[in-house]
Amino acid sequence: TLIDSPHDWAGYLPANYDKTFRGRITAADALAESRNIPAMLVLSKVGIERAIGTMEELGVKTPAAAKRAYGLSLAIGGAEATVLEVAEAYATLARGGIHKSIHLTASPAADAPRIFPERICHETLACINGRPRTESVEGALAAANLAAAWKTGTSNGLRDAWCAAATPRLVV
């Protein structure tokens with residue numbers, strides 16, 4: 001269980017997109033609902049450098065290459081990432097933690113390292129999967145039939161919005 005309530009980090013008072021707080025919340029619900037405070041609390045325990053290292057292993061290399069100091073906003077869109085980097089990271093989850101670099105042309109399969117245990121990947125994707133959740137989005141019946149795990153998000157300052165979806169065969 002995580003806590004989604006107002007938190008002050010030395011004068012930094014983040015809020016959730018909907019300007020509400022849910023109190024006690026499961027990690028699965030916090031992830032599926034994009035609750036900012038729980039994400040930042042988890043990052044504060046994991047550590048920013050460790051998180052950036054894990055992102056790099058997943059193929060999200062832009063934050064490490066930026067050579068800048070990140071704070072807890074890293075957990076809520078405070079770093080840049082390309083569309084291909086996000087797709088590569090979701091594909092790693094969909095493959096049960098096995099990481100393969102994205103190739104825009106067909107290439108022979110190579111040995112690929114396992115970044116996360118397969119069980120952790122399945123549990124993470126289960127948090128953002130589920131036919132009822134997918135069917136709640138208008139016009140998403142096709143995605144519901146694919147049993148896609150999907151997640152939306154925004155960047156810092158709400159500059160842009162994104163959605164990533166993954167099945168064992170496809171990442172969009």
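Because the structure is a prediction, the values reported are computed rather than measured. (Residues numbered from 1 in each chain as written. Predicted model: local features only at pLDDT ≥ 70, side-chain atom pairs only at ≥ 80, totals over all residues. Heavy atoms only, no water.)

Looking at the overall build of the chain
- Of regular secondary structure, the chain possesses eight helices and four strands.
- Reading the chain from its N terminus to its C terminus gives the helix and strand order β-β-α-α-α-α-α-α-α-α-β-β.
- Excluding contacts between residues fewer than 6 apart, the proportion of contacts in the chain whose partners are at least 24 apart in sequence is 41%.
- Just so you have it, the chain exposes about 10,500 Å², and 59% of that area is on carbon and sulfur atoms. (Helix = DSSP H or I, 4+ residues; strand = E, 2+ residues; numbered from the N terminus. Contact = heavy atoms within 4.5 Å. Areas by Shrake-Rupley, 256 points an atom, 1.4 Å probe, with all protein chains shown as cover.)

Structural notes on helix H2 (residues 36-46)
- Buried within H2 we find Asn36, Ile37, Pro38, Met40, Leu41 and Leu43.
- Residue glycine 47 follows H2 closely and has a positive phi angle near 100°. (Buried < 20%, exposed > 50% of the residue type's maximum accessible area, 1.4 Å probe, protein only.)

A look at the packing of helix H5 (residues 83-94) against helix H6 (residues 118-127)
- The interhelical angle for the contact between H5 and H6, taken along N-to-C directions, is 115°, at an axis separation of 8 Å. Classified by the angle between their axes, H5 and H6 sit roughly perpendicular to one another. Of the residues in H6, those in contact with Thr92, Leu93 and Ala94 of H5 are Cys121, Thr124 and Leu125.
- In the contact of H5 with H6, the residues fall into four nonpolar, two polar and no charged. (Axes fitted to C-alpha atoms, helices over the stretch in contact; angles between N-to-C directions. Parallel < 35°, antiparallel > 145°, perpendicular 65-115°, else oblique. Nonpolar A, V, L, I, M, F, W, Y, C, P; charged D, E, K, R; others polar.)

Notes on unusual backbone geometry
- Of note, serine 34 is a non-glycine position whose phi angle comes to about 55°, a positive value.
- Examined against the element boundaries, serine 34 turns out to sit in the loop between helix H1 (27-32) and H2.
- A positive phi angle, near 50°, is found at lysine 67, a position not held by glycine.
- By secondary structure assignment, the location of lysine 67 is in the loop between helix H4 (62-65) and H5.
- Among the residues examined, lysine 67 registers a relative accessible area of 74% and is labelled exposed.

Some points on the environment of alanine 161
- Checked against the element boundaries, alanine 161 lands in strand S4 (residues 161-166).
- Discounting residues that sit within four places of it in the chain, alanine 161 has contacts with Gly153 and Thr154.

Some remarks on helix H3 (residues 48-58)
- Those residues of H3 not exposed but buried are Ala51, Ile52 and Leu58. The arc that holds the buried residues of H3, viewed along the axis, is 115°, so those residues lie on one side. Residues Glu49 and Arg50 are exposed on H3 and point more than 90 degrees away from its buried face.
- Looking at the buried positions of H3, the neighbouring elements they touch are H2, H4 and H5.
- Looking one or two residues past H3, glycine 59 carries a phi angle of roughly 105°, positive in sign. (Arc of directions from axis to C-beta.)

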